[in-house]
Amino acid sequence: LVKGSLASYYCLLYDFESAVKAADGLSDVSYPYFYKPVGIMHDIRARKEKALHLSSTDVSVISDNDQGILSILASDELTKINHKRGMLYQSVETQCDRGFESLEADICLNEIKTIFQRQSVTAESKKRQLEYCQAGLAHLEQSLKQKGAKNHDRCTSYSACLLQKAELLFWHKNIFEEMSEEMDGQDLLNINGSEIDSAIAS
């Protein structure tokens, strides 16, 4: 948990080399432990951030395992809030700067930016960006709509989620504006344009 938090802080400082070093090995630990899923997410996030921001990095890491982040688009949690999450989610939100869903949203943002920087504009690339955008927003809602999400112990994670939501809404708006009619983008979240104002008001 400490190594993951260090990696997260280094990413905030744009020191991606140190972030990868801090998270190194978290995904490869063979024995089970309570916070291992979070450690894996920190490791993946740090490596993807490094690949995105440092041109000397092997870009093959960008297509590495994303832990099934897009699977939420085909689940009930796309539109319904799960108020019976396990203790892992609650514990991480209390003890770290961001919760599990916030890490998932970070990886979604990374994929969106990677596609924007390194792929030509096609119907497939835009649809892929839109999928990651909607998945990130859905993951964030699971955290933001929890009972007690705004309590003192979780205020840092809650604030991080609000900031990410605003950024993802910005991307969502731009992606839809850039998509031509032939690209046939589907707004699974029924975003009508008022969400950015709502995020600011929060």
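Residues numbered from 1 in each chain as written. Predicted model: local features only at pLDDT ≥ 70, side-chain atom pairs only at ≥ 80, totals over all residues. Heavy atoms only, no water.

1. A few points about the overall build of the protein chain
- Across its full length, the protein chain holds 8 helices and 0 strands.
- When the helices and strands of the protein chain are placed in sequence order, the string is α-α-α-α-α-α-α-α.
- Within the protein chain, the proportion of its 202 residues that are buried is 49%.
- Residue pairs in contact within the protein chain that sit at least 24 positions apart in sequence constitute 70% of those at least 6 positions apart.
- A total of about 10,600 Å² of accessible surface is found on the protein chain, and carbon and sulfur atoms cover 52% of it. (Helix = DSSP H or I, 4+ residues; strand = E, 2+ residues; numbered from the N terminus. Buried < 20%, exposed > 50% of the residue type's maximum accessible area, 1.4 Å probe, protein only. Contact = heavy atoms within 4.5 Å. Areas by Shrake-Rupley, 256 points an atom, 1.4 Å probe, with all protein chains shown as cover.)

2. Quick look at the environment of Ala19
- Considering the arrangement of structural elements, one finds Ala19 in helix α2 (residues 16-23).
- Note on Ala19: relative accessible area 0%, which makes it buried.
- Taking the C-alpha atoms as reference points, Ala19 and Tyr9, 10 residues apart in sequence, are found 7.7 Å from one another.
- Setting aside anything within four residues of it in sequence, one finds Ala19 in contact with Ala7, Tyr10, Cys11 and Ala46.

3. Observations regarding the pattern of salt bridges
- Considering all chains together, one arrives at 16 salt bridges under this definition.
- Put simply, Glu93 and Arg154 hold a salt bridge, and the shortest N to O gap is 3.4 Å. Of the two residues, Glu93 sits in helix α4 (residues 87-95) while Arg154 sits in the loop between α6 (123-144) and α7 (155-178), which places them 61 residues apart along the sequence. For the pair Glu93 and Arg154, a shared accessibility class is recorded, and that class is buried.
- What emerges from the salt-bridge pattern is a single network uniting Arg45, Asp97, Arg98 and Asp106. (Salt bridge = Lys/Arg side-chain N within 4 Å of Asp/Glu carboxyl O.)

4. Overview of α4
- The set of residues buried in α4 consists of Leu88, Ser91, Val92 and Glu93.
- For α4, the secondary structure elements touched by its buried residues are α3 (36-53), α5 (100-118), α6 and α7.

5. A closer look at the nonpolar core
- Counting 37 residues, the largest nonpolar core has Cys133, Ala135 and Leu168 as the members making the most contacts within it.
- Of all elements in the fold, only α3, α4, α5, α6 and α7 reach the threshold of two or more residues within this core.
- When residues of this core are assigned to their parent elements, the largest contribution, 8 residues, is made by α6.
- Within the second largest apolar cluster, 9 residues are counted, among which are Cys11, Phe16, Ala19 and Ala23. (Core = buried A, V, L, I, M, F, W, Y, C linked by side-chain atoms within 4.5 Å.)

6. Remarks on the packing of α5 against α7
- Packing of α5 against α7 leaves a shortest axis separation of 10 Å and a crossing angle of 30°. As the angle between them shows, α5 and α7 are arranged roughly parallel. When the axes of α5 and α7 are compared, the crossing they make is left-handed. Only Ala160, Cys161, Gln164, Glu167, Leu168 and Trp171 of α7 make contact with α5, whose side of the interface consists of Ser102, Ala105, Asp106, Leu109, Ile112, Lys113 and Phe116. (Axes fitted to C-alpha atoms, helices over the stretch in contact; angles between N-to-C directions. Parallel < 35°, antiparallel > 145°, perpendicular 65-115°, else oblique. Left-handed = near helix turned anticlockwise from the far one by under 90°.)

7. Remarks on the packing of α5 against α6
- Contact geometry for α5 and α6: axes closest at 8 Å, N-to-C directions at 165°. Considering their axes alone, α5 and α6 lie roughly antiparallel with respect to each other. α5 and α6 meet at a crossing whose hand is left-handed. On α6, the residues touching Glu101, Ser102, Glu104, Ala105, Cys108, Glu111, Ile112, Ile115 and Phe116 of α5 are Ser125, Arg128, Gln129, Tyr132, Cys133, Ala135, Gly136, His139, Leu140, Gln142 and Ser143.
- Here the contact of α5 with α6 is composed, by residue class, of 9 nonpolar, 7 polar and 4 charged. (Nonpolar A, V, L, I, M, F, W, Y, C, P; charged D, E, K, R; others polar.)

8. Some details on the confidence of the model for the protein chain
- Mean pLDDT over the protein chain works out to 82, with 84% of the residues at or above the 70 mark.
- When pLDDT is averaged over each helix and strand of the protein chain, the minimum, 57, is found for helix α8 (residues 195-201) and the maximum, 92, for α6. (pLDDT = per-residue confidence, 0-100.)

9. Some points on α7
- Its 24 residues give α7 an end-to-end C-alpha distance of 35 Å, which sits within 8% of 34 Å, the value for a rise of 1.5 Å per residue.
- For α7, the set of buried residues is Ser157, Tyr158, Ala160, Cys161, Leu162, Gln164, Lys165, Leu168, Leu169, Trp171, His172 and Ile175. (Expected span 1.5 Å × (residues − 1).)

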